[in-house]
Amino acid sequence: MTATYEFTRAETGFSSHGTRCAATVFRPTLDIGNLDAPRPVVVMAHGFGAPRAHRLYAYAESFARAGYLVVVFDYRYWGDSDGLPRHVLDITDQLDDWRTAIAFARTLPGADPNRIVAWGTSFSGGHIITLAASGEKLAAIIAQVPHVSGPAAVRARGVLSGLRLLPAAIEDTVRGALGREPRYIGGIGHPGDLAVLTSPDAMPGLIRLEQQAGLDGSEYPRTVAARIVARIGLYSPGRKAAAVSCPALIQIARADLVTPAEPARRAATKMPHATVREYDLGHFDLYLEPAFPTVVADQLGFLNTAVPA
């Protein structure tokens, strides 16, 4: 029978290129016989424009109860982390934050530095594929509804709809080069809004996610610097999937309108040690009740085999 642990939760942080990233560490309370046993660490960050407070703590608590150390962090310029200007999504910076978070996790008291698991969802699901394929030493990855193909993401949004955002993206790119305040657009919006994610389920999904996280929607702005629009289509982590040598769990939503299912399937087939789980759900459903218990149970089952606590 799998042990269930109590756990503690501590707010902390680490410096990434001179800027503080906020982090929460979940630590299982172990019985006396296991106090000296190094534990695997699950490192987690959210997807496109989302703070860790948007339901990542629910996953982290499940992992901690199963005996894993967990680090949940916000990227620079986002959520509870420092950094100006706010809400600039830079792919290179986020990958650097991931590397720094993983290095921080290796130093935690009681952590096994050789058993680090990277957990990412949506855009960060693409990040951890990139990291695993680029030589970062990871024991395993869990990629939930991952962004694997820039062109597929653009097509899913609609090319003409995306073209509406280009003037704002160009303006913001120029403003960034001149050191001016960003031009902001919506990160998530309703169909027809000047926003990046505008599928019919996007705004309802975000509202439900905030509600189930105990938030009222006012805590974290829903905006993003528009320059990222010009970069999404160029970011395709799935092209490196064959270089992911560690065990990988790829979770796919068959009705996903944000990160389409078929590119994720193709990427998973290239990974030599991939486990695939598919769900008759939309992109946002995996985070939420009633699907969440099944999704996280599959993650725990994978961890119990690939990186047992």
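Fair warning: this is a prediction, and the values are worked out from it, not measured in the lab. (Residues numbered from 1 in each chain as written. Predicted model: local features only at pLDDT ≥ 70, side-chain atom pairs only at ≥ 80, totals over all residues. Heavy atoms only, no water.)

Peer 1: Looking at this model, I keep getting lost on the environment of S122. Mind explaining?
Peer 2: Mapped onto the secondary structure, S122 falls in the loop between β5 (111-121) and α3 (123-133). Look at S122 and you get buried, because its relative accessible area is 8%. Distance from S122 to P146, taken between C-alpha atoms, is 4.2 Å for residues 24 residues apart in sequence. (Helix = DSSP H or I, 4+ residues; strand = E, 2+ residues; numbered from the N terminus. Buried < 20%, exposed > 50% of the residue type's maximum accessible area, 1.4 Å probe, protein only.)

Peer 1: How do you make sense of empty space enclosed by the protein when you look at a structure like this?
Peer 2: Which parts of space are left empty comes out when a probe the size of a water molecule is rolled across the atoms. Tallied over the full model, the rule gives two cavities of 30 Å³ or more. A volume near 240 Å³ is recorded for the largest cavity. Of all the elements in the fold, those that place two or more residues in the lining of the largest cavity are β7 (184-188) and α7 (202-212). Residues of the lining of the largest cavity, tallied by class, amount to 11 nonpolar, seven polar and one charged. A volume near 30 Å³ is recorded for the second largest cavity. What lines the second largest cavity is simply P146, H147, V148, S149, A152, A153, T259, P260 and P263. Broken down by class, the residue content of the lining of the second largest cavity amounts to six nonpolar, three polar and no charged. (1 Å grid on protein atoms, 1.4 Å probe; cavity = no way out; pocket = protein on both sides within 12 Å on 5 of 7 lines; lining within 4 Å. Points joined across faces, edges and corners; volume = space filled by probe spheres on them. Nonpolar A, V, L, I, M, F, W, Y, C, P; charged D, E, K, R; others polar.)

Peer 1: What am I meant to see in unusual backbone geometry here?
Peer 2: Only a minority of non-glycine residues have a phi that is not negative, and only a minority of peptide bonds are not trans. Residue P85 is bonded to the preceding L84 through a cis peptide linkage, with omega at -5°. Locating P85 in the fold gives a position in the loop between β4 (69-73) and α2 (91-106). Between E289 and P290 the backbone carries a cis peptide bond, its omega angle lying at 10°. Locating P290 in the fold gives a position in the loop between β11 (274-279) and α10 (292-306). A positive phi angle, close to 80°, is found at R55, a residue other than glycine.

Peer 1: How should I be thinking about the sheet that holds β4 in this particular structure?
Peer 2: Within a sheet, neighbouring strands are paired by backbone hydrogen bonds and run either parallel or antiparallel to one another. Taken together, eight strands build an open sheet; the order of strands is β1-β2-β4-β3-β5-β6-β10-β11 and the sheet is mixed. Of all the strands in the sheet, the pair left with one neighbour each is β1 (6-16) and β11. The sheet shows a mean angle of 20° between the axes of neighbouring strands, taken without regard to direction. Bridge count for β5 against strand β6 (residues 140-144) is five bridges, and the pairing is parallel. Residue pairing across strands places V117 opposite A140, the latter belonging to β6. Running at roughly 130° to β1, α2 makes contact with β1, β2 (19-29), β3 (39-45), β4 and β5 of the sheet. (Pairing = 2+ DSSP bridges. Axes fitted to C-alpha atoms, helices over the stretch in contact; angles between N-to-C directions. Contact = heavy atoms within 4.5 Å.)

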